[in-house]
Amino acid sequence: MTRAMTRHRLRRLLGRVGLYFSVLMLISPAILFFLWMLSLAFKNEADNTAFPPVFIPNPPTFDNFIDVFAKNDFLTYTINSVIVSFSATGLALLLGVPAGYGIAKAKASKAAVLILIARVTPGLSYLIPLFLLFQWLGLIGTLVPLVITHLVITVPIVVWIMIGFFEGLPGELEEAALVDGATIWQAFRYVAMPLARPGIMVAMILSFIFSWNNFIFGVVLAGRSTRTLPVAVYNVLTFEQISWGPLAAAALIVTAPVLLLTLVMQKEIVAGLTAGGVKGG
Amino acid sequence: MSASISSAGPITVGPPERKRSGRGRNYARRYWVFALPAAIVVAIVIVFPWIFTLYMSVHDWKVSGATPFVGMANYAKMLVDDRFQWAIVRTLVFTAASVVAPVILGVWAAVCFAANFRLRGVARTIFVLPMMATPVAVALVWTMMFHPQLGVLNYLLSLMGLPPSAWVYSSTTVIPTLVMVETWQWTPLVMLIVLGGIASLPRDPYEAAVLDGANPWQMFRHITLPLAWPFIIVAGVIRMIDALKAFDTIYVITLGGPGTSSETLNILLYQTAFAYYDLGYGSAMVVVFFVLILLISMLLLHVRQKQAWQ
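Residues numbered from 1 in each chain as written. Chains lettered and ligands numbered in written order. Predicted model: local features only at pLDDT ≥ 70, side-chain atom pairs only at ≥ 80, totals over all residues. Heavy atoms only, no water.

Engineer: When you look at the interface of chain B and chain A in this model, what are you seeing that I'm missing?
Structural biologist: Interface size is often expressed as the accessible area that is lost when the parts come together. Contact residues are listed per partner, giving 94 residues for chain B and 100 residues for chain A. For the chain B face of the interface with chain A, the top three residues by lost area are B:Phe34, B:Met132 and B:Met144, together amounting to 9%. Where chain B meets chain A, there are zero salt bridges. At the boundary of chain B with chain A, the tally comes to 11 residue pairs in polar contact (both at pLDDT 80 or more). Top contributing element to the side of chain B that touches chain A by residue count: helix α3 (residues 32-57) of chain B, with 16 residues. Residue composition of the side of chain B that touches chain A, grouped by class: 71 nonpolar, 15 polar and eight charged. (Contact = heavy atoms within 4.5 Å. Buried area = accessible area lost by both parts, 1.4 Å probe. Salt bridge = Lys/Arg side-chain N within 4 Å of Asp/Glu carboxyl O. Polar contact = N/O pair within 3.5 Å; in protein donor to acceptor, adjacent residues only side chain to side chain. Helix = DSSP H or I, 4+ residues; strand = E, 2+ residues; numbered from the N terminus. Nonpolar A, V, L, I, M, F, W, Y, C, P; charged D, E, K, R; others polar.)

So this is what it looks like as C-alpha cells:
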C-alpha cells in the first residue's frame, strides 16, 4: 500500500519535472533570441564585435538608438508606418465588421471561401497588377498605394474573425429588436455590434499587427520618403553591414510596439489566432 | 433533413443552403447589403489582380513598351527554364521540412500548454512572441547570429564542443538554416491551433484511461492524437500554405543566395517581376504558383476528409 503510493507520487513528480523541462526547452529559443537582440542593441560597438561574445551590456548604452535616428529619417518612417497601419486597420474595420455580420447572418459560406482563397494567395501575386495600376494612376511615391494594398491583409483578417464572432452570438436579442420594429441596420448597430465588441477588439489588434509587420508591399511600392519601418530597417542592413549595434537597435524600434502589444493583449491575440489561423501577407 | 428544421435554434450550424423559415430566408437576402462595401473593395484589390494577372501572363509584358499577345509562350518558357524548375524543387523541399518540424514541435508544445502549471500564461506568451515579432527585424538579428566568425551561434556550438557551421553562407547548409528560422517563427501558430483543438476534447476518455492505469504517453498516443488529428491536419495545411509563400525572412537573410541556392519560387517571382521587370513571365509564374498552392491544399484537405469518415 505505502509502496504503491510512493510509486504513484514519484511518477507524478517525474511527470511534473518532465513537463517543466519540456516547457523550458520549448520557450528557451524565443527567450535567448530576444535577450540577444536586447544585448546587441544596448552594447557599444567594441563589445558587439568581440569574440568570445559579450552577453551583458556593461554599461548599457543608448548610442545605437541615437545613431539610428541621427543617420536615418526614422521619424518620418515611423509616422508613415503609423499612418498606413492605422488607416488600413480603420478602413478594414469599417468594411469588414458589417461584412462579417452580413456573411454570418446570410450563412453565405461561398463568400467565406473567397476570404479563404485570399488567405492562400501569395502577397506577391497582388503586387504586379496593383503596381501597374498605381503607376497609371500616378500614385507611386504617395502613401495611398500602401494603405490600399494593406487592405489585402487587413480586410480578410477582420471579416474572417467577425464571421466567427457573429456566428457565436445568440440571435434572440436581434430577433426581438426586429419584432419590435427595428430595421436590420438598427439591429446590427445597436444590438449585435455592442455584443461583438470583444471580437472587434481581437480583429483590430491582429489586423494592426500584421499590417505593421508587412514588408513585401512596402519594398515594392514605397519611395524614398514613403518607406514604412520594416522597409527602412532593411535599408539600414544594406548600408551598414558591419555596425551591429545600430542594426539591432533599428530592429528593436520596429518590433517593440508589436511585442509590447502582444504582452499586454495576449488573451485577445491568442483567442483570435486560435480561431482563425490568421496570418497576413 | 427537414425534420431537423423545426428544432433548429437561431445559431444552428449546418449546410448554409438549408431553409430556415420564410422570414429567415427573406432576411438572409437583405443581409447581403452589409457585405456590399467590403465586396466592392475586395473586387478591386483582390479579384481584379487575379484576373489581370491571368491576362498579363499571356502577354510579353515589360514595364515600358508594347505588350504583344504571346499565347502560352510564358508558360512554355517555364518548361525549359532550369532556374524556375530548381526554384520549384527548392520550394518543395523547404516547405516539406518547414511543415514537418513545426507540426511535431507544435503538437508537443500544445500538449504541454494544455496541462496546468504555474506561469503557464507567461510561458505561452513568450512562446507566441516569435510569430508576432516583425519578420524583417527577426531576420536581421538572425543574420547577425549566423555570422561565421563573430556570430553568437558558432560560439554556442564551440561551447558544446561542436565544429562551427557555415549557416547561410554555404549552399549546403542554407536551406536547413532557413528551415530552422521558419520553425522558430511559426511553431507557435501550430501550437495555438492544436491547443484550441485539445481544449475542446471531451474529458471522459482521459478519466477512464487514468482509472485503467494508462501512462501519459499511452494517453497521448491513443486519445489525444486521434481526437486532435483534424486540428493537426488543419494546422499542417495552414503551415504548408505559409511555407510555400515564405518571403520576408529568406529575402532579408539570403536574397536567394549564396548564388541561387536558396532561391524559392516566391523569391524568383520577386526578382523576375521587380528586378528584371519581366511582368508577363512573372505573372505566368504567379498563376502556376497559385495552382500549385491550391492543388496541394485541396489534396491535404481531401486526405483529411477521407480520414474523418473512417
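Engineer: I tried to follow the environment of A:Val23 on my own but got confused; where do I start?
Structural biologist: Within the secondary structure, A:Val23 is located in helix α1 (residues 2-42). Looking at A:Val23, the relative accessible area reads 5%, which means it is buried. Linking A:Val23 and A:Pro57, residues 34 residues apart in sequence, is a C-alpha distance of 28 Å. When residues no more than four places from it in sequence are discounted, the contact partners of A:Val23 are B:Cys112, B:Phe117 and B:Ala123. (Buried < 20%, exposed > 50% of the residue type's maximum accessible area, 1.4 Å probe, protein only.)

Engineer: What's the story with helix α13 (residues 244-264) of chain A in this structure? I'm lost.
Structural biologist: Working note: α-helix, 3.6 residues per turn, so residues spaced by three or four point in the same direction. All names here are of chain A. For α13, spanning 21 residues, the distance from its first C-alpha to its last is 29 Å, which sits close to the expected 30 Å at 1.5 Å a residue. In the structure, α13 departs most strongly from a straight axis at threonine 255, where the bend amounts to approximately 45 degrees and where the proline proline 257 lies between one and four residues downstream. Burial runs high along α13: 15 of the 21 residues are buried. (Expected span 1.5 Å × (residues − 1). Bend = angle between axes of the 7 residues up to and from the residue.)

Engineer: How should the domain arrangement of chain A be read in this particular structure?
Structural biologist: Residues and elements named next belong to chain A. Its domain assignment divides chain A into domain 1 (2-48) and domain 2 (64-276). Domain 1 and domain 2 are separated by 34 Å when their C-alpha centres are compared. Listed per partner, the contact involves nine residues of domain 1 and 13 residues of domain 2. Buried area between domain 1 and domain 2, both sides added, is near 800 Å², and the carbon and sulfur share of it is 71%. When residues of domain 1 are sorted by the area they lose upon contact with domain 2, Met37, Ala41 and Glu45 head the list and together hold 55% of the total. Our count for the domain 1 to domain 2 interface comes out at zero salt bridges. Counting the contacts that link domain 1 with domain 2 gives three residue pairs in polar contact (both at pLDDT 80 or more). Within the residue set of the side of domain 1 that touches domain 2, elements represented by two or more residues are α1 and α2 (45-48). Looking at which element gives the most residues to the side of domain 1 that touches domain 2, the answer is α1, with six residues. Looking at the side of domain 1 that touches domain 2 residue by residue, the classes come out as six nonpolar, one polar and two charged. (Domains from an automatic or database assignment.)

Engineer: What is the right way to read the confidence of the model for chain A from this model?
Structural biologist: Parts of the prediction with low pLDDT should not have their coordinates interpreted in detail. With 95% of its residues at a pLDDT of 70 or more, chain A has an overall mean of 86. At the level of individual helices and strands, chain A shows its lowest average pLDDT in helix α5 (residues 109-120) of chain A, which scores 75, and its highest in helix α4 (residues 74-106) of chain A, which scores 93. (pLDDT = per-residue confidence, 0-100.)

Engineer: Can you help me understand the packing of aromatic side chains in this one?
Structural biologist: Any aromatic ring pair is given by two values, namely how distant the centres are and how the planes are angled relative to each other. Summed over the entire model, instances satisfying the criterion amount to 43 aromatic pairs over all chains. Ring plane angle 45 degrees and centroid distance 5.1 Å describe the contact between A:Phe42 and A:Phe65, whose orientation is recorded as tilted. Here A:Phe42, found in helix α1, pairs with A:Phe65, found in helix α3 (residues 63-71); they are 23 residues apart in sequence, far enough to count as distant. Ring centres of A:Phe69 and A:Phe74 lie 6.0 Å apart, and the angle between their planes is 75 degrees; on these two criteria the pair is classed as edge-to-face. Residue A:Phe74 is classed as buried on the basis of its relative accessible area of 0%. An aromatic cluster is built from A:Phe131, A:Phe215, A:Tyr234, B:Phe247, B:Tyr251, B:Tyr270 and B:Phe274, whose rings are joined through pairwise contacts. Taking the ring centre of A:Tyr190 as reference, the NZ or CZ of A:Arg189 above it sits at 5.2 Å. Between the NZ or CZ atom of B:Arg203 and the centre of the ring of B:Tyr206, over which it lies, the distance is 5.0 Å. (Phe/Tyr/Trp six-rings, centres within 6.5 Å; stacked < 30°, edge-to-face > 60°. Lys NZ or Arg CZ within 6 Å of the ring centre and 35° of its normal.)

Engineer: What is the right way to read the nonpolar core from this model?
Structural biologist: What tends to happen in soluble globular proteins is that the nonpolar side chains get buried as a cluster. A:Phe74, A:Phe166 and B:Trp142 are the most contacted members of the largest nonpolar core, which totals 191 residues. Tallying contributions element by element places helix α9 (residues 174-199) of chain B first for this core, with 15 residues. When near neighbours in sequence (up to four residues on either side) are disregarded, A:Phe74 contacts A:Val68, A:Phe69, A:Leu229, A:Ala232, A:Val233, A:Val236, A:Ala250 and A:Ile253. Within the second largest apolar cluster, five residues are counted, among which are B:Leu201, B:Ala209, B:Met219 and B:Ile223. (Core = buried A, V, L, I, M, F, W, Y, C linked by side-chain atoms within 4.5 Å.)

Engineer: Help me understand unusual backbone geometry, please; the structure alone is not making it clear to me.
Structural biologist: Most peptide bonds take the trans form, and the phi angle of most residues other than glycine is negative. Residue A:Pro59 follows A:Asn58 across a cis peptide bond; omega there is -5 degrees. The residue A:Pro59 is located in the loop between α2 and α3 in this model. For B:Trp167, which is not a glycine, the phi torsion comes out positive at approximately 45 degrees. Judged by its relative accessible area of 11%, B:Trp167 falls in the buried class. You will see that B:Leu255, though not glycine, has its phi angle at about 50 degrees, which is positive. Along the chain, B:Leu255 falls in the loop between α12 (248-253) and α13 (265-275).

Engineer: How do you make sense of the pattern of salt bridges when you look at a structure like this?
Structural biologist: Working definition: two side chains of opposite charge can pair if their charged atoms are close together. Residues and elements named next belong to chain B. Under the defined criterion, the tally for this structure stands at seven salt bridges over all chains. Linking lysine 62 and aspartate 60 is a salt bridge whose minimum nitrogen-to-oxygen distance equals 2.9 Å. When its relative accessible area of 30% is taken as the criterion, aspartate 60 is described as partly exposed. Taken together, the shared-partner salt bridges connect Asp60, Lys62, Lys77 and Asp278 into one network.

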